[in-house]
Each structure stands twice: as structure tokens, then as C-alpha cells.
Amino acid sequence: MSHKLWGFIIVMMCLGEPAKAHPHVFVDARTGFIFGTDGLLEALHISWTYDEFTTLILFESLNLDPDGDGQLNDADRAAIIDGETKWSHTYKGDVYLEFAGQDYPLGRPEAAAVRLNGNQVEVSFDLPLLQPVRIDNAPVFLRLYDPFYYYAYSIVPPIAHANLPEDCQVQILSFEPSAAESTLQEKLAALGREDIPALENIGRLFSDEVQLTCG
Amino acid sequence: MWLRIGAIVLWVLVIGIAAWEIMPWFEIRRWAAIEQRMFQNMMAGALRGIQANDPGAIWTLCSATAAYGFFHALGPGHGKVLIGGAALASDATLKRLSILTVLSSLAQAATAIFLVGALYFLLQIGSADLANITETWLAPASYAAIAAIGAVLIFRGVRSWYSMSQAKQITDACFGHTHGPSVNDVATLTSTHDAVALIVSIALRPCTGALFVLVIAARFDAFAVGCLAVITMGLGTAAFNLIIATSSVVARQLAGLSARDYQGLQVISATLHLTGGILIVTISIGMLLPYLA
């Protein structure tokens, strides 16, 4: 009993992981899938629109817009791109592509751009797949989340739909508390077999996801 | 004796976890995040208003930061686990606990003001590094301090149980003369050093949001306005933590109702120390774990 109880407490602590931090940065994310002429999925298009407060922090920390006209000049844009897309080796951009049940390896950001939408900075870039891949009717999932929940991503519909192959469909599945809860129950049930669920995948329970199917 | 303690503590934990399970945390968390985002944007608008010398902006900013503090405290972490657990264990009055709660939130605001004042102005450390320092060093330090306080509560609970069992043996030997320890032996938070420990462990870690408000205000040459806004943010956090402290005091008093005599009160006090302590240690170590990995 006590063994199970401790297991239970540990799991509660682990599952509570993404809930433990407070979100400080709110990101409206837009996603796109880029296919090559051969019909293979080659890259992801990601755009992050930061909340107004984070935009102010970005202006402060990068010392942008020194003339105070509220507009970004070329140097400002270069500084933002530098800070936002030159990732450390351990950082994967909080972007996770699930292909055939596995995390699919992604490259580094390319073709980065910055815009100011009103009072919000938007950073966008393409993220190539290390190996282009053919998508069939088995769904591919794209998730954006920060395991520490310092960044809270919500996936919003893209402004313009990218040119998808005709037989492909994209669907945004917003985070459903009940779904996350039932997965949590399954993990708890697995405790009888003395399994402690892997920590690193917990964050995805709480994230929006984009589902891509073709064929 | 130990079996009995174990059974009681286990039982209270099971009830606590069941209560935790019933709460719609996902919905609460999502709602809190949506509200926080709204007030965060309001803060940004007010800060831009201050930059533009809008006279009403200071009031918008202060009300936005107060609401932000409240909703931010709704998320897990910060001092509320400590306040709740300590309030459960302590014999302190609600009034004293309320003062401690407000003081700890204000001290947290003071840490933010001091950090930005010292590091940003004197040492010219940027806001990103400031946030890094907070997350990398101050957050785990605060969790460790909070876990230590939880350990002290557990120690006091166990000591009290032990001395009660000793006293019982003495009583048996002396044909009914009681030599039990006084309730004061397990009183928590009624001394000054307990109060200081509680305040310091919470204040060690300022809210990152408060640091950012100060830094942005400083950039707009309105550091004093930023300080005021951070103080109202602290009061917002205190308002939420007061709800927690009050609930804990009510829970403690409900538990006290079941005591028939002085010794019963002592048993309950010791058990509440253990429960509060275990709660604090478990959650704060849970928060500390990612830093140790």
C-alpha cells in the first residue's frame, strides 16, 4: 500500500510538472507544412506571435527601437532573429513532430522573418525535417510546448493555408482537459506494474496539436 | 504508537490526494492562464501609456498588476504551499497569519525592487539575465528553504508524538500524575524566528513578472511607478494567499473540534504538523527536482 502511495505521490508530482511553473510568455503559434515537388514533407513553417508584455520585454532586453518611433528597423529585426532562431544545441524550439509514434528529428530554423503586428512581435521561420518523409493515412502530429510551461503556446489557425498536396488534411486539435485527464488515469493505472511514466513526454498532455493526414 | 501515527498521516494524505483529484485543476489552470494573459496585456498597455505620459495609466497599471498578482498566485508554487501547510500546523491566530501572509508578499516585492535596483542599475545586468538569475538560483534556493521549513514541521510533529508517548509511560509509572509536555512545545509560527524564516523563504524568489514590470518601467524612466505597481502586485498575491491561510485555519479548527481533551488537542497538533510538513516537503521537493536533474 505505502509503496503504491509513494508511487502515486511521485506520479502526481511528475504529472504536475508542466503545471508547476507559471506561464510568463504567451505565444499564439501558427503552423504550416511544406511539401516538396516529389510529394514528401520537407519542412515545417512555424510562427510565434508574442503577447504584448513579452514584446515590451523583448524591446527592453534587446534594446530595440532606440529612437522610440515604435517601428522596427533592419538592425532591430536582425537582433530579434538572432535571439529567437540561433538556438542552443539542447533547445529544439519547443517544436515536436510525431511520426509513427516517434519524435521525428528536425533541423535548425531557416528563412526567419520578423514583423510587428500592432503591439505584438511575430517571429516566423521554417524548420526542415532532417529527412523528408512521405505522409500516408497514418496521422502525423505537430505539437508546440515548453516542458516547463514558462512559455504557453496556443495554436491558432494560419492566416493563409500553405499549398498542401490535394489529398492532405490539416486539423488543429485544441488541448482538451478531459483527454489529458484520461491519459493521466491510464498512467496511474500503469502504476500497478510499478512503472513511473517518462517525465519528458508529460508536457504534450497539455498541448494543442496539429494533425496532418494524407491519402 | 508509530503505526498509529503512520495510519493517521497516511489517511490524511489519501484524503488530501482524493480532494486534489476532485478539483478540476486543468480547467482552473487554463482559466488562470487566460486571465493572467489578459492582465499581462493590460499591464503592457498601461506601461506604454506611462511612456506616453498618459496620467491615467498609473492606475490602470496598478490595478492590472494587482489582478495579475492574484491570478499568478492561483498557479502552483510560490509561497502558498508553505503558507497553507504552516497555517495548518501552527497555533497562530488568523490575524497573525494574515499579517505574515501580507508581509511575505510585500517582502517578495521588495526583493524584486532590490534586485532590479542593484543589478540592473548598478551592475547594468539586462532583464534576460535578471530573469535567468531568478530562475536558476533564487527559485531553487527558495524551494530548498521552504522544504527545510517543512522538515522542521515534521521534526516538531514527531518530537511531540515521541514526548507524548514518553509522558504516557511516566504517567503510568507515577499512578496518574501527568508530566505531559505543554502544547507550546509544538507551537509553530508564534515565535519571531519562525515568522522571519517563513517570510525570507518566500521572499527569496521574486516573481519574474515583477522584475519585468520594473525593468520596463525603468526603461521608460518611471522606476518609481514600477515600484508602486510591484507593491500592488504583491498585495494581489497576498489576497490570494489569505484565502489559502484562512482555509487552512478553518481546516485546523475543524480538526480541533474532534479533540475531547488536552491530550487529544496535542495529538491533533502533532498530526497537523506532520501533515503540513509532509505536504510542504513533498511539493517543494517536487519543484526542486527539475533543478537537480
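Parameters and conventions
Residues numbered from 1 in each chain as written. Chains lettered and ligands numbered in written order. Predicted model: local features only at pLDDT ≥ 70, side-chain atom pairs only at ≥ 80, totals over all residues. Helix = DSSP H or I, 4+ residues; strand = E, 2+ residues; numbered from the N terminus. Buried ≥ 20, exposed ≤ 12 C-beta atoms within 10 Å, placed from the backbone. Contact = placed C-beta atoms within 7 Å. pLDDT = per-residue confidence, 0-100. Pairing = 2+ DSSP bridges. Expected span 1.5 Å × (residues − 1). Axes fitted to C-alpha atoms, helices over the stretch in contact; angles between N-to-C directions. Core = buried A, V, L, I, M, F, W, Y, C linked by C-beta atoms within 7 Å. Parallel < 35°, antiparallel > 145°, perpendicular 65-115°, else oblique. Left-handed = near helix turned anticlockwise from the far one by under 90°. Nonpolar A, V, L, I, M, F, W, Y, C, P; charged D, E, K, R; others polar.

> Before we move on, can you summarise the overall build of chain A with the specific residues and values?
Scanning chain A from N- to C-terminus turns up five helices and 10 strands. The burial tally for chain A puts 30% of its 215 residues in the buried class. Counting contacts in chain A only where the partners sit at least 6 residues apart, residues at least 24 apart contribute 74% of the total.

> Which residues make up the confidence of the model for chain B, and what values do they have?
All names here are of chain B. In this model, chain B carries a mean pLDDT of 81, and residues with pLDDT of at least 70 account for 85%. Every residue in residues 173-185 is under pLDDT 50, and counting partners more than four places away or in other chains gives 17 contacts. The complex model carries a pTM of 0.76, and its ipTM stands at 0.73.

> Report on the sheet that holds strand β3 (residues 95-99) of chain A, specifying residues and quantitative values.
Residue and element names in this part refer to chain A. On the basis of which strands lie adjacent, the open sheet formed by five strands has the order β4-β3-β7-β10-β9 and antiparallel pairing. Single-partner strands in this sheet number two, and they are β4 (102-103) and β9 (168-173). As defined by bridge partners, strand β7 (residues 140-144) adjoins strand β10 (residues 209-214) across four bridges and the pair is classed as antiparallel. Bridge pairing in β10 links Leu 142 to Val 210.

> For the pairing of β10 of chain A, give the residues involved together with the corresponding values.
Where β9 of chain A lies against β10 of chain A, six bridges are found, and the strand directions are antiparallel. Its bridge partner being in β10 of chain A, Gln 169 of chain A is matched across the sheet by Thr 213 of chain A.

> Account for the confidence of the model for chain A, with residues named and values stated.
Residues and elements named next belong to chain A. For chain A, per-residue confidence averages 79 on the pLDDT scale, and residues scoring 70 or more make up 75% of the total. Low pLDDT, under 50, characterises residues 11-20; the stretch is placed with 29 contacts to residues that sit more than four places away or in other chains. Here residues 192-200 is modelled with pLDDT under 50, and outside its nearest four sequence neighbours on either side it reaches 11 contacts, counting other chains as well.

> Outline helix α8 (residues 208-219) of chain B, listing residues and values.
All names here are of chain B. Between its terminal C-alpha atoms α8 stretches 17 Å, which fits the 16 Å expected from 12 residues at 1.5 Å a residue. With 12 of 12 residues buried, α8 lies mostly within the body of the structure. Along α8, the positions that sit buried rather than exposed are Thr 208, Gly 209, Ala 210, Leu 211, Phe 212, Val 213, Leu 214, Val 215, Ile 216, Ala 217, Ala 218 and Arg 219. Asp 221 sits one or two positions beyond α8 and adopts a positive phi of about 55°.

> If you had to explain the environment of Tyr 50 of chain A to someone new, which residues and values would you point to?
Residue and element names in this part refer to chain A. With respect to the helices, strands and loops of the structure, Tyr 50 is situated in strand β2 (residues 41-50). For Tyr 50, a count of 22 C-beta atoms within 10 Å translates into the label buried. The spacing of Tyr 50 and Glu 122 is 72 residues in sequence and 6.4 Å in space, taken between C-alpha atoms.

> How would you explain the pairing of strand β6 (residues 120-133) of chain A if you had to name every residue and give the values?
All names here are of chain A. Sheet analysis places β2 next to β6, joined by eight bridges and oriented antiparallel. Within β6, the residue paired with Ser 47 across the bridge is Ser 124. For strand β5 (residues 110-117) and β6, the ladder comprises six bridges, and the chain directions are antiparallel. Of the residues in β6, the one forming a bridge with Asn 117 is Gln 120. Where β5 hands over to β6, the hairpin turn is made up of two residues, of which Gly 118 adopts a positive phi near 65°.

> Any details on the sheet that holds strand β8 (residues 151-155) of chain A? Residues and values, ideally.
All names here are of chain A. Read across the sheet, five strands follow the order β5-β6-β2-β1-β8 without closing on themselves; strand pairing throughout is mixed. Sheet topology places β5 and β8 at the edges, where each strand pairs with a single neighbour. In this sheet, adjacent strand axes meet at a mean angle of 25° when their direction is disregarded. As paired elements, strand β1 (residues 25-35) and β8 share five bridges and run parallel to each other. In the sheet register, Ala 29 faces β8, and the bridge partner there is Ile 155.

> Report on unusual backbone geometry, specifying residues and quantitative values.
The phi dihedral of Ala 111 of chain A falls on the positive side, at around 50°, and the residue is not glycine. Taking the number of C-beta atoms within 10 Å as the measure of exposure, Ala 111 of chain A has 12 and is therefore exposed. You will see that Asn 53 of chain B, though not glycine, has its phi angle at about 60°, which is positive. Residue placement: Asn 53 of chain B occurs in the loop between α2 (25-51) and α3 (57-74). Judged by the 9 C-beta atoms lying within 10 Å of it, Asn 53 of chain B falls in the exposed class.

> Give me the nonpolar core: which residues, what numbers.
Ranked by size, the top nonpolar core spans 78 residues in total, and within it Met 43, Leu 61, Ala 112, Val 116, Leu 214 and Val 230 of chain B carry the most contacts. Ranked by residues supplied to this core, first place goes to α3 of chain B with 10 residues.

> So what's going on with the packing of helix α5 (residues 94-122) of chain B against α8 of chain B? Which residues, and what values?
Residues and elements named next belong to chain B. Where α5 contacts α8, the axes come no closer than 9 Å and their chain directions differ by 45°. The orientation of α5 with respect to α8, classified from their angle, is oblique. Crossing angle aside, the handedness with which α5 passes α8 is right-handed. Where α5 approaches α8, its residues Ala 109, Ala 112, Ile 113, Leu 115, Val 116 and Tyr 120 are matched on the opposing element by Ala 210, Leu 211, Leu 214, Val 215 and Ala 218. For the contact of α5 with α8, the per-class residue count stands at 11 nonpolar, no polar and no charged.

> Can you lay out the packing of helix α3 (residues 52-61) of chain A against α8 of chain B for me, pointing to particular residues and giving the numbers?
Each pair of packed helices can be summarised by the angle the axes make with each other and by the distance between the axes. Here α3 of chain A crosses α8 of chain B at 60°, and the two axes come no closer than 10 Å. Comparing the axis directions of α3 of chain A and α8 of chain B gives the class oblique. In terms of crossing hand, the pair formed by α3 of chain A and α8 of chain B is left-handed. Residue-level inspection shows Leu 56, Ile 57 and Glu 60 of chain A of α3 of chain A in contact with α8 of chain B, the latter providing Phe 212, Val 215, Ile 216 and Arg 219 of chain B. Its residues assigned to classes, the contact of α3 of chain A with α8 of chain B comprises five nonpolar, no polar and two charged.

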